[in-house]
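Breakdown of the fold
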Amino acid sequence: MAKYRIRQKYFALKDRFAVNDMYDNPRYYCDTRLISVPKKFWLENAEGRKIYLAKFKLFSPFRKIVYIYRGEDTSDGYVAKVKRNIRFFFNHLKVTSEAYGDYYIVGHKFKAVIHEGSKDGPVVATLEKHFFKVADTYDIDIKCRYEALMLVLAIIYDYKYNEKH
């Protein structure tokens, strides 16, 4: 099981923040461009190699679709698709992927759980937001081998349900 902490800057022209391990060492970085239409971000390892690109679909007003690509561009096609399931009280995201299997993210603004397969499947990661912090701070517990993918899903969840972005 791996534990990570994401601490985003509250005021920044460009979103670049570290994803630290439980000993506060930077293990990954999330990087976005100053102006990007549609919105996209990269997850990089500590050496700066881009692992995943998450690109929000420009015209998807109700479903809010996001495609996840390996590497830094879209040339090889997407490896996962994230779409919003419309529910009244909770935020639900369905992740479909031939490469990694399907996942289901259930939660609300301050806590989310990532299930494998369906919303009743085994829990593979949890995301919890700290209440009284100036910057957005999240703790992520990952219980599967796809830790970089789980981090991308956690960041997508934050982007979709946090009005600041």
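Residues numbered from 1 in each chain as written. Predicted model: local features only at pLDDT ≥ 70, side-chain atom pairs only at ≥ 80, totals over all residues. Heavy atoms only, no water.

**Some thoughts on the overall build of the protein chain**
Broken down by element type, the protein chain carries 1 helix and 12 strands. Each helix (α) and strand (β) of the protein chain, taken in turn from the N terminus, gives the series β-β-β-β-β-β-β-β-β-β-β-β-α. The proportion of buried residues among the 165 residues of the protein chain is 47%. Looking at the protein chain alone, contacts between residues at least 24 apart form 31% of all its contacts between residues at least 6 apart. Of the roughly 9300 Å² of accessible surface on the protein chain, 53% is carried by carbon and sulfur atoms. (Helix = DSSP H or I, 4+ residues; strand = E, 2+ residues; numbered from the N terminus. Buried < 20%, exposed > 50% of the residue type's maximum accessible area, 1.4 Å probe, protein only. Contact = heavy atoms within 4.5 Å. Areas by Shrake-Rupley, 256 points an atom, 1.4 Å probe, with all protein chains shown as cover.)

**Points about the environment of Leu149**
Here Leu149 lies in helix H1 (residues 147–161). When near neighbours in sequence (up to four residues on either side) are disregarded, Leu149 contacts Tyr52, Ile68, Tyr100 and Tyr103.

**Overview of the side chain of His115**
Note on placement: His115 falls in strand S10 (residues 111–116). If we skip the residues at most four places from it in the chain, His115 touches Asp102, Tyr103, Tyr104, Val106, Gly121, Pro122, Val123 and Val124.

**Focus on the sheet that holds strand S5 (residues 50–56)**
Strand order around the closed barrel formed by 12 strands is S1-S2-S3-S4-S5-S6-S7-S8-S9-S10-S11-S12, with antiparallel pairing between neighbours. For this sheet, the mean angle separating the axes of adjacent strands, direction not counted, is 20°. Sheet topology places strand S11 (residues 123–129) next to strand S12 (residues 137–142); 5 bridges connect them, and they run antiparallel. Bridge pairing links Ala125 to Ile142 in S12. (Pairing = 2+ DSSP bridges. Axes fitted to C-alpha atoms, helices over the stretch in contact; angles between N-to-C directions.)

**A word on the side chain of Asn20**
Here Asn20 shows up in strand S2 (residues 16–21). Within the structure, Asn20 has its side chain in polar contact with the side chain of Asp24 (distance 3.1 Å). (Polar contact = N/O pair within 3.5 Å; in protein donor to acceptor, adjacent residues only side chain to side chain.)

**Quick word on the pattern of salt bridges**
Inspection of the entire model under this criterion finds 5 salt bridges. Salt bridges sharing common partners tie together Arg16, Asp31, Glu44 and Lys50. (Salt bridge = Lys/Arg side-chain N within 4 Å of Asp/Glu carboxyl O.)

**Points about the packing of aromatic side chains**
One pass over the full model with this rule turns up 6 aromatic pairs. Between the aromatic rings of Phe56 and Tyr159, the centroid separation amounts to 6.2 Å while the plane-to-plane angle is 80°, which identifies the pairing as edge-to-face. One end of the pair, Phe56, is in strand S5; the other, Tyr159, is in helix H1, with 103 residues separating them in the sequence. Tyr159 matches Phe56 in its accessibility class, with the two residues each being buried. (Phe/Tyr/Trp six-rings, centres within 6.5 Å; stacked < 30°, edge-to-face > 60°.)

**Re the pairing of S11**
Bridge count between S10 and S11: 5 bridges; the pairing is antiparallel. Residue pairing across strands places Ala112 opposite Leu127, the latter belonging to S11.

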